[in-house]
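One letter stands for each residue in the lines below.
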Amino acid sequence: MTNRSQSELLFEQARRLFPGGVNSPVRAFQAVGGTPVFFRSGRGARLTDLDGNEYLDFVGSWGPLILGHARPEVTAAIIEAAGRGTSFGAPSPLETDLAERVREAFPHLERMRFVSSGTEAVMGAIRLARAYTGRDLILKFSGCYHGHADSLLVKAGSGAATLGTPSSPGVPKALAELTLTAAYNDLAEVEDLAAAHPGRIACLIVEPVAGNMGCVPPQPGFLSGLRELCDRQGIVLILDEVMTGFRVAFGGAQELFGVRGDLVCLGKIIGGGMPVGAFGGRKEIMSILAPEGSVYQAGTLSGNPVAMAAGIATLKLLQERNFYPRLEQKGRRLEQGLRPILAHYPERLCFQRVGSMFCLYFRSAPVRSFEEAARSDTAAFSRFFHLMLDQGCYLPPAQFESCFLSAAHTMEDLDAFLDAAGHSLKIVFG
Ligand code: KE4
């Protein structure tokens, strides 16, 4: 059993300061039991905890660290920018530089706005869609997570689903009633909802690959069907690419599946591990945003120069030749290596992957919606999680999350994962 006494001590101190001892619920290990690991440092694909234990990291800070921890070029850019001042509260050329790089990946973002989190990006996009259409209803999918803004904490995924509060207390009923929900990949249900509420739905927001109920790819025709329906009904299609943007391809899921949003939300990778979110899209929608228009949105640290510098350094490296093909080779190696292992446990496991994001569900295949993900054996997952942790593999501490590979993971690291997984599954399933 790995000694994590320092983490246990630190967790006791943290519980006297923070609810649940953490500053974001998914970190609390509530779904898997035990004590959250406190980390001292990360380098490449590895994390080191306060007891000196080293782990291969398959969380990657929940997505941002596609380059791995402490990538020298990113760290150098942060240090250099910080030396010139951490914040101006005024424009800097760094915002323009990062925005131009974002637009290279998402050319249909005619205008954009930087914020400090994915939640803020989604809040801005929703408010814009409501103002642009003059409509109040929004439509989301159960199990999708779009940050913790009130209107989106209805049948939400990620930590909300993990903790059993997909619809959070504290959200006024009157507000929650303005959020319609459908099952992911169920186009017919979306059509029914649109028919039941003609001319009242402002926007439809979707994760083009659902990474907050594990890893659920869109079924063929799902995204294009949503696009067509939104065009037909005058509904703003918001693609939440906070997780998938620059993850599944340089141009995100929109590049992969060829479906464009009217508005797009970004985050995670574009900050290179620093707090950055962004929303953007068609000029005619974005132009009603203050100060050009009257839809208000603001932020003290929006476009923060140090965060911008981290994002610029990150995107520069993602544009290097063969970055994504090399990452795909690693994802394929992991999937192919797992296949013979999972074959020992027919109908007990389902591995789903899109690029360098993946999930091992403890239930039979396939998983196409949250309703299907929710039937996973979370007790078996928890046992697997701890067995992997004790073998030096740090996974997301919840079944309803996606794992991530980075450019820093080597083929030997993936073999170590496969060995640990094979050993762990033997114990879990006997
Ligand atoms: P943030 O506000 O956490 O930066 O982004 C919210 C968000 C929006 N949209 C999508 C698709 C997201 O995945 C997220 C955040 N993802 C979770 C992980 N599943 C963040 C981890 C956490 O809540 O601590």
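Residues numbered from 1 in each chain as written. Predicted model: local features only at pLDDT ≥ 70, side-chain atom pairs only at ≥ 80, totals over all residues. Heavy atoms only, no water.

Where helix α14 (residues 378–390) meets helix α15 (residues 411–429), the closest approach of the two axes is 9 Å, and the angle between their N-to-C directions is 135°. By the criterion of interaxial angle, the relationship of α14 to α15 is oblique. Crossing hand, α14 versus α15: right-handed. Residues A380, R383, F384, L387 and M388 of α14 lie in contact with α15, whose contacting residues are F417, A420, A421, S424, L425, I427 and V428. In the contact of α14 with α15, the residues fall into 10 nonpolar, one polar and one charged. (Axes fitted to C-alpha atoms, helices over the stretch in contact; angles between N-to-C directions. Helix = DSSP H or I, 4+ residues; strand = E, 2+ residues; numbered from the N terminus. Parallel < 35°, antiparallel > 145°, perpendicular 65-115°, else oblique. Left-handed = near helix turned anticlockwise from the far one by under 90°. Contact = heavy atoms within 4.5 Å. Nonpolar A, V, L, I, M, F, W, Y, C, P; charged D, E, K, R; others polar.)

Once that is clear, we can look at the packing of aromatic side chains. Counting across every chain of the model gives 20 aromatic pairs. For the ring pair F358 and F417, a centre distance of 6.1 Å and an interplane angle of 85° mean the geometry is edge-to-face. Highlighted residues: F358 in strand β12 (residues 357–361) and F417 in helix α15, separated in sequence by 59 residues. Each member of the pair, F358 together with F417, is buried. Here the aromatic rings of F362 and F429 are separated by 6.0 Å at their centres, their planes lie at 35°, and the arrangement is tilted. Of this pair, F362 sits in the loop between β12 and α13 (370–373) while F429 sits in helix α15; the two residues are 67 residues apart in sequence, bridging distant segments of the chain. F429 matches F362 in its accessibility class, with the two residues each being buried. One aromatic cluster is present, formed by F29, Y345, F362, F381, F384, F385 and F429 through successive ring pairs. (Phe/Tyr/Trp six-rings, centres within 6.5 Å; stacked < 30°, edge-to-face > 60°. Buried < 20%, exposed > 50% of the residue type's maximum accessible area, 1.4 Å probe, protein only.)

Glancing now at the sheet that holds strand β6 (residues 179–183). Reading across from one edge, β4-β10-β9-β8-β7-β5-β6 is the order of the seven strands in this open sheet, with mixed pairing throughout. Bordering the open sheet on either side are β4 (111–115) and β6, each of which pairs with just one other strand. Along the sheet, successive strands turn relative to each other by an average axial angle of 20°, direction set aside. In terms of strand pairing, strand β7 (residues 201–206) meets strand β8 (residues 236–240) through four bridges, oriented parallel. Bridge pairing in β8 links I205 to I238. Contacts from helix α3 (residues 93–105) reach β4 and β9 (263–266), with the element oriented near 125° to β4. (Pairing = 2+ DSSP bridges.)

Attention shifts here to the layout of surface pockets. Quantified by volume, the second largest pocket comes out at close to 570 Å³. Forming the walls of the second largest pocket are 19 residues, and the residues nearest its centre are R111, M112, R113, F114 and L289. For the lining of the second largest pocket, the secondary-structure elements that each account for two or more residues are α3 and β4. For the lining of the second largest pocket, the leading source of residues is α3, giving five residues. (1 Å grid on protein atoms, 1.4 Å probe; cavity = no way out; pocket = protein on both sides within 12 Å on 5 of 7 lines; lining within 4 Å. Points joined across faces, edges and corners; volume = space filled by probe spheres on them.)

With that out of the way, let us pick up the pattern of salt bridges. Oppositely charged side chains can form a pair if their charged atoms are brought close together. For the coordinates displayed, the defined rule picks out 18 salt bridges. Across the pair R232 and E228 runs a salt bridge, and its minimum N-O distance is 2.7 Å. Of this pair, R232 and E228 both sit in helix α8 (residues 222–233), four residues apart, roughly one helical turn. The class for E228 is partly exposed, based on a relative accessible area of 40%. Here E328 and R332 are joined by a salt bridge, their closest N and O atoms 3.6 Å apart. A residue pair is termed a helical-turn pair when its members lie 3 or 4 positions apart in one helix, as E328 and R332 do in helix α12 (residues 323–342) at four residues. With a relative accessible area of 22%, E328 lands in the partly exposed category. (Salt bridge = Lys/Arg side-chain N within 4 Å of Asp/Glu carboxyl O.)

We note that the domain assignment places domain 1 (5–70 + 324–429) and domain 2 (72–318) within the protein. If you average the C-alpha positions of domain 1 and of domain 2, the two centres end up 25 Å apart. Every contact between the two is made by 33 residues of domain 1 and, on the other side, 37 residues of domain 2. Its largest share of buried area at the contact with domain 2, domain 1 owes to Y324, V354 and M357, together 23% of the area lost on that side. Along the contact surface separating domain 1 from domain 2 lie 12 residue pairs in polar contact (both at pLDDT 80 or more). Breaking the side of domain 1 that touches domain 2 down by element, the ones donating at least two residues are β11 (350–354), β12 and α13. It is β12 that contributes the most residues to the side of domain 1 that touches domain 2, four residues altogether. Residue classes in the side of domain 1 that touches domain 2 are distributed as 22 nonpolar, seven polar and four charged. (Domains from an automatic or database assignment. Buried area = accessible area lost by both parts, 1.4 Å probe. Polar contact = N/O pair within 3.5 Å; in protein donor to acceptor, adjacent residues only side chain to side chain.)

This brings us to empty space enclosed by the protein. Enumeration according to the criterion identifies three cavities of 30 Å³ or more in this entry. By volume, the largest cavity amounts to about 80 Å³. Looking at the largest cavity, the residues that line it are F358, C359, L360, F381, F384, L395, P396, A398, Q399, E401, C403 and F417. Elements with a minimum of two residues in the lining of the largest cavity: β12 and α14. At three residues, β12 tops the list of elements feeding residues into the lining of the largest cavity. Residues belonging to the lining of the largest cavity are distributed by class as follows: 10 nonpolar, one polar and one charged. The computed volume of the second largest cavity comes to approximately 60 Å³. If you trace the second largest cavity, you find it lined by G44, A45, D57, G60, L65, G68, H69, R247, F404, L405, S406 and H409. Partitioned by chemical class, the residues of the lining of the second largest cavity number four nonpolar, six polar and two charged.

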